[in-house]
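Descriptive analysis of the structure
Take a look at the letters that make up each chain.
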Amino acid sequence: VQLVESGGGLVQPGGSLRLSCAASGFTFSSYKLRWYRQAPGKERELVAAITSAGGVTYYVDSMKGRFTISRDNTRNTVYLQMNSLKPEDTAVYYCNAVQTAWGREYWGQGTQVTVSS
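Computed from a prediction, not measured in an experiment: that's the story for all the values here. Per chain, residues are indexed from 1 in the order of the written sequence. With the structure being a predicted model, the display of local features is reserved for residues of pLDDT at least 70 and the display and counting of side-chain atom pairs for 80 or more, all residues being used for whole-chain, interface and lining totals. Remark: hydrogens and water are excluded; side-chain values derive from all non-hydrogen atoms of the structure.

1. Some details on the overall build of the protein chain
Going by this rule: Numbering of helices and strands runs from the N terminus; a helix is a DSSP stretch of H or I covering at least four residues, while a strand is a stretch of E covering at least two. Within these notes, the globule rule equals 2.2 Å times the number of residues to the 0.38 power, and the radius of gyration is based on C-alpha atoms. Buried means the residue's accessible area, taken with a 1.4 Å probe over protein chains only, is under 20% of the maximum for its type, while exposed means over 50%, and partly exposed covers the values in between. In this description, contact between two residues means that some pair of their heavy atoms is separated by no more than 4.5 Å. For the accessible areas, the method is Shrake-Rupley and the probe is 1.4 Å, while residue cover comes only from the protein chains on display. Charge assignment in this entry is limited to Lys and Arg as positive and Asp and Glu as negative, and neither His nor the chain termini are counted. We put the charge of a Lys on NZ, of an Arg on CZ, of an Asp on CG and of a Glu on CD.
A count of helical and extended segments in the protein chain gives zero helices and eleven strands. Against the 2.2 N^0.38 benchmark of 13 Å for 117 residues, the protein chain shows a C-alpha radius of gyration of 14 Å, consistent with a compact globule. Buried positions account for 42% of the 117 residues belonging to the protein chain. A fraction of 52% describes how many contacts in the protein chain between residues 6 or more apart in sequence connect residues 24 or more apart. As presented, the protein chain carries roughly 6,100 Å² of accessible surface, and 46% of it is formed by carbon and sulfur atoms. Of note, the protein chain has its 12 positive side-chain charges centred 5 Å away from the centre of its 8 negative side-chain charges.

2. Focus: unusual backbone geometry
One non-glycine residue with positive phi stands out, namely Asn76, at about 55°. For Asn76, the location among the structural elements is in the loop between β7 (67-72) and β8 (77-82). For Asn76, a relative accessible area of 27% corresponds to the partly exposed category. One non-glycine residue, Ser84, lies in the positive phi region at around 50°. Within the secondary structure layout, Ser84 lies in the loop between β8 and β9 (91-99).

3. Description of the environment of Ala49
Structurally, the position occupied by Ala49 is in strand β5 (residues 45-50). By relative accessible area, which is 10% here, Ala49 ends up buried. Remark: the alpha-carbon pair of Ala49 and Thr114, spanning 65 residues in sequence, is separated by 22 Å. Excluding its chain neighbours within four sequence positions, the residues that come into contact with Ala49 are Leu33, Arg34, Val56, Thr57, Tyr58 and Ile69.

4. Things to note about the pattern of salt bridges
As a working rule, side chains carrying opposite charge can pair if their charged atoms are close by. So the rule is basically this: By salt bridge we mean one thing: a side-chain nitrogen of Lys or Arg within 4 Å of a carboxyl oxygen of Asp or Glu.
Applying the stated criterion across every chain, the model contains five salt bridges. For Arg37, the salt bridge goes to Glu45, with nearest N and O atoms at 2.7 Å. Assessed through its relative accessible area of 8%, Arg37 is described here as buried. A salt bridge links Asp89 to Arg66, with the nearest nitrogen and oxygen atoms 2.7 Å apart. In this pair, Asp89 sits in the loop between β8 and β9 while Arg66 sits in the loop between β6 (57-59) and β7, placing the two residues 23 residues apart along the sequence. Summarising the burial analysis for this pair, Asp89 and Arg66 share the class buried.

Structure follows, in structure tokens:
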């Protein structure tokens with residue numbers, strides 16, 4: 001089982017990044033997917049979530065209108081489009097796959113996002 005994030009990097013305030021998380025080794029389309037982030041010295045926090053079929057999404061209030069989560073079940077990939085980035089968005093971003101009925105959960109290794117001028 002693997003979840004591999006990519007797309008992080010250094011961006012100026014107001015800029016955009018698109019994170020990707022490629023999955024393998026499990027039935028991707030059966031899993032709810034989430035993006036989390038962890039800033040230095042802070043606990044990991046939920047950013048956004050999407051249901052297995054992609055029909056329902058959820059965002060933490062501070063990300064609403066700026067971030068968009070999506071998934072492509074044909075490519076086993078989940079995305080996080082991040083616009084209007086702020087310095088406080090600086091963190092390591094992790095993707096997470098969960099299937100509560102089977103009691104299974106997987107994490108990626110994270111990708112660093114730094115928002116700075």
